[in-house]
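Understanding the architecture of this molecule
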Amino acid sequence: MNKNIIIKKPDDWHVHFREDAMLEVITKYSARINNRCIAMPNTKTPITNSLQAIDYKKLIEKNSKNENFQALIPCYLTENLDLVDFRNALKNNIFIGAKLYPTNVTTNSSFGVSNIEKIYDVFEILEKENKTLLIHGEKIDKNIDIFDREKYFIDEELTTIRNTFQNLKIVLEHVSTKYGVDYIKSNSNIAGTITPHHMLLTKKDVFLDNIINPHHYCMPVVKNENDLLALRKAACKNNTKFFLGTDSAPHEMKHKFPNMKLKPGIFSAACSIELYAKIFEEENSLDKLETFASINGPKFYNLPINESTIRLEKIDWIVPEFVKEKSIKIKNFFGNKKINWKVVDLNV
Ligand code: NCD
Ligand code: ZN
C-alpha cells in the first residue's frame, strides 16, 4: 500500500482570483483542496470598499464549485480610502484586514501607497479593530537592486510601521529572503506566508544563461540558495509564525510577456498542496505539513481550524502543462513535471 498522509483541510492565505473569464476558470483549482482562501484585492478595479468586497466574495464563491468554500477579502489600501466604510466593513467581517501594496511594486499596484505616513489613520483603525495588515514588502527605488527590495522595505518602512503601531498584527506576504525570515522570527505580532515557488526556485531558474524564463518570474523575485534553504526551514520546522500562502497568480499566456514586458506571477493552484507535500518530505518534515497548511494560519487570523480532512497519497503524476478552458490559456507551475504526492480523498 502506498504511503498516505491525512491532514486537516488547508487554507490558502494568499491567492489571486482575478475577474471575468479568468476567475470562472481558475477558482475551482484553489477551492478544490482549500476551505478558505484570502482573495487578493488587486483586481483591474481594486477592491477598496465594502460593496465591492461583498460582490467579489459572492462571485468567487459562486464559481468555486464547492458549496462550503469561503473567500476572505482584504481591502486594497489607497491614500484616499473612505474610512467610515473601511471601519464598518472590518467590524462586520466584510474585510478580513487590509493589503498594502507600495505603488508599482507588482501587478495592478498603481493605485497603491506611495507614502505610508498618509495612511497612518488606516493603521490606527486596523490596530484598534485587531485586524491584520497584509503587506507586499518590497521597496522600489532606482537605487535599490531588485533582489534587495525586501530588505530595504523591512529596514526603511516595516520597522517604522511596527514602531509606530506596536499592537498591529502584520503578515509579511510571500517572504522571499533569509533576512525576512529572521526578521519575522525575532519580532512579535508578525507572521509570514511562504509560497511553494520560493522554496523550489532560485534566480538561476529565472535568469538562465542567455534567456529569461517568464513563467518563473514573480514578485518578489526568487532569490539565492541560502534564501531558499532558510524559507524551507522556516516552513518545515514547526515554526508557528509561518503559514501557507501560494500567491498563485495567473496571467494568460498571451499577456505574460507582450513586447518584452514581463508580467510577474506564477500559477500554482493546480498542484499547490502536492508541491508543499513534496517539499516537506524532502525536508523530512511531512509530520509538520498540517501545522503549516492548516493550523498556523487560522490561529494567527483568530479563525476556527477546519474540521474536515484531506488525504494525500504517494503517487507519481505529471502536472498538465497548461490550463486551457474557455478563451483562457495559462501555464501551470511545474507543468509537464512529475510530482510524487497527490490528493486522493477530500473530506475523509
Ligand atoms: C501578483 C499578481 O500577478 O497579481 N504577482 C506576483 O508576481 N506575485 C501580485 C503579487 O502578489 O505580487
Ligand atoms: Zn500575490
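To be clear, the structure that these remarks concern was listed above.
Values in this document were obtained by computation on a predicted structure and should not be read as measured data.

Right, let's talk about the sheet that holds strand β11 (residues 309-313) for a bit. Picture the strands of a sheet paired through backbone hydrogen bonds; they go either parallel or antiparallel. With antiparallel pairing, 3 strands are arranged side by side in an open sheet as β1-β11-β16. The two strands at the open ends of the sheet, each matched to only one other strand, are β1 (4-8) and β16 (342-346). The average angle at which neighbouring strand axes cross in this sheet is 30°, direction not considered. One ladder, built from 5 bridges, connects β1 with β11; its direction is antiparallel. What sits directly across from isoleucine 6, in β11, is arginine 311. Relative to β11, helix α9 (residues 272-282) is tilted by about 60°, and along the sheet it contacts β1, β11 and β16.

This paragraph deals with the side chain of threonine 246. For threonine 246, the position within the fold is in the loop between β10 (242-244) and α8 (253-256). Threonine 246 sits in the buried class, given a relative accessible area of 1%. A polar atom in the side chain of threonine 246 sits 2.5 Å from the side chain of aspartate 12. Only 3.4 Å separates the side chain of threonine 246 from the backbone oxygen of histidine 14, close enough to count as a polar contact.

Before going further, it helps to examine the environment of methionine 260. Residue position: methionine 260 is located in the loop between α8 and α9. When its relative accessible area of 80% is taken as the criterion, methionine 260 is described as exposed. For methionine 260 and methionine 199, which are 61 residues apart along the polypeptide, the C-alpha to C-alpha distance reads 27 Å.

Glancing now at the site of ligand 1. Taken together, 15 residues surround ligand 1, and among them Arg18, Thr106, Thr107, Met219 and Asp247 come closest. Within the side chain of histidine 16, a nitrogen or oxygen atom sits 3.2 Å from an oxygen atom of ligand 1. Histidine 251 is positioned with one of its side-chain polar atoms (N or O) 3.0 Å from an oxygen atom of ligand 1. Surface burial for ligand 1 is 100%, taken as the share of its 310 Å² of free accessible area covered by protein chains. Of the residues contributing to the shell around ligand 1, the split by class is 4 nonpolar, 9 polar and 2 charged.

On to the packing of aromatic side chains. Counted by the stated rule, this structure contains 16 aromatic pairs. When the ring of phenylalanine 243 is compared with that of phenylalanine 300, the centres are 5.9 Å apart and the planes differ by 40°; the resulting orientation is tilted. Remark: phenylalanine 300 occurs in helix α10 (residues 289-300) and phenylalanine 243 occurs in strand β10; sequence separation between them is 57 residues. Of the residues examined, phenylalanine 243 reaches a relative accessible area of 0% and is grouped as buried. One aromatic cluster is present, formed by Trp13, Phe243, Phe300 and Tyr301 through successive ring pairs. The ring of phenylalanine 322 carries lysine 329 above its face, with NZ or CZ at 4.3 Å from the centroid. A cation sits over an aromatic face here: lysine 342 above tryptophan 317, 4.0 Å from the ring centre.

Procedures and definitions
Counting starts from 1 at the beginning of each chain's written sequence and moves along it residue by residue. The order in which chains are written sets their letters, starting at A; the order in which ligands are written sets their numbers, starting at 1. Local features in this predicted model are restricted to residues of pLDDT 70 or higher, and side-chain atom pairs are both shown and tallied only at a pLDDT of 80 or more, whereas totals for entire chains, interfaces and linings draw on every residue. Here the side-chain values reflect all heavy atoms present in the structure, with hydrogen atoms and water set aside. When DSSP locates at least two bridges between a pair of strands, those strands are taken to pair. Numbering of helices and strands runs from the N terminus, with a helix taken as a DSSP run of H or I at least four residues long and a strand as a DSSP run of E at least two residues long. All axes are obtained by fitting lines to C-alpha atoms, using only the stretch in contact for helices, and the reported angles, taken between N-to-C directions, cover 0 to 180 degrees. Contacts are assigned to residue pairs with any non-hydrogen atoms lying within 4.5 Å of each other. Three labels apply to residues, based on accessible area from a 1.4 Å probe with only protein chains included: buried if under 20% of the type maximum, exposed if over 50%, partly exposed otherwise in between. Counted as a polar contact is a pair of N or O atoms within 3.5 Å, where, for protein atoms, one must be capable of donating a hydrogen and the other of accepting one, and residues adjacent in sequence contribute only when both atoms are in side chains. Note on terminology: near, applied to a residue and a molecule or strand, indicates that one of the residue's heavy atoms is within 4 Å of it. The method behind every accessible area is Shrake-Rupley, applied with a 1.4 Å probe, and residues are considered shielded solely by the protein chains displayed. Amino acids outside the nonpolar list (Ala, Val, Leu, Ile, Met, Phe, Trp, Tyr, Cys, Pro) and the charged list (Asp, Glu, Lys, Arg) are all regarded as polar, and Gly is one of them. Ring pairs are drawn from Phe, Tyr and Trp, using the six-membered ring of Trp, whenever the two centres fall within 6.5 Å, and their geometry is named by plane angle: stacked under 30 degrees, edge-to-face over 60, tilted for the rest. Here, a charge over a ring is recorded when the distance from Lys NZ or Arg CZ to the ring centre is within 6 Å and its angle to the ring normal is within 35 degrees.

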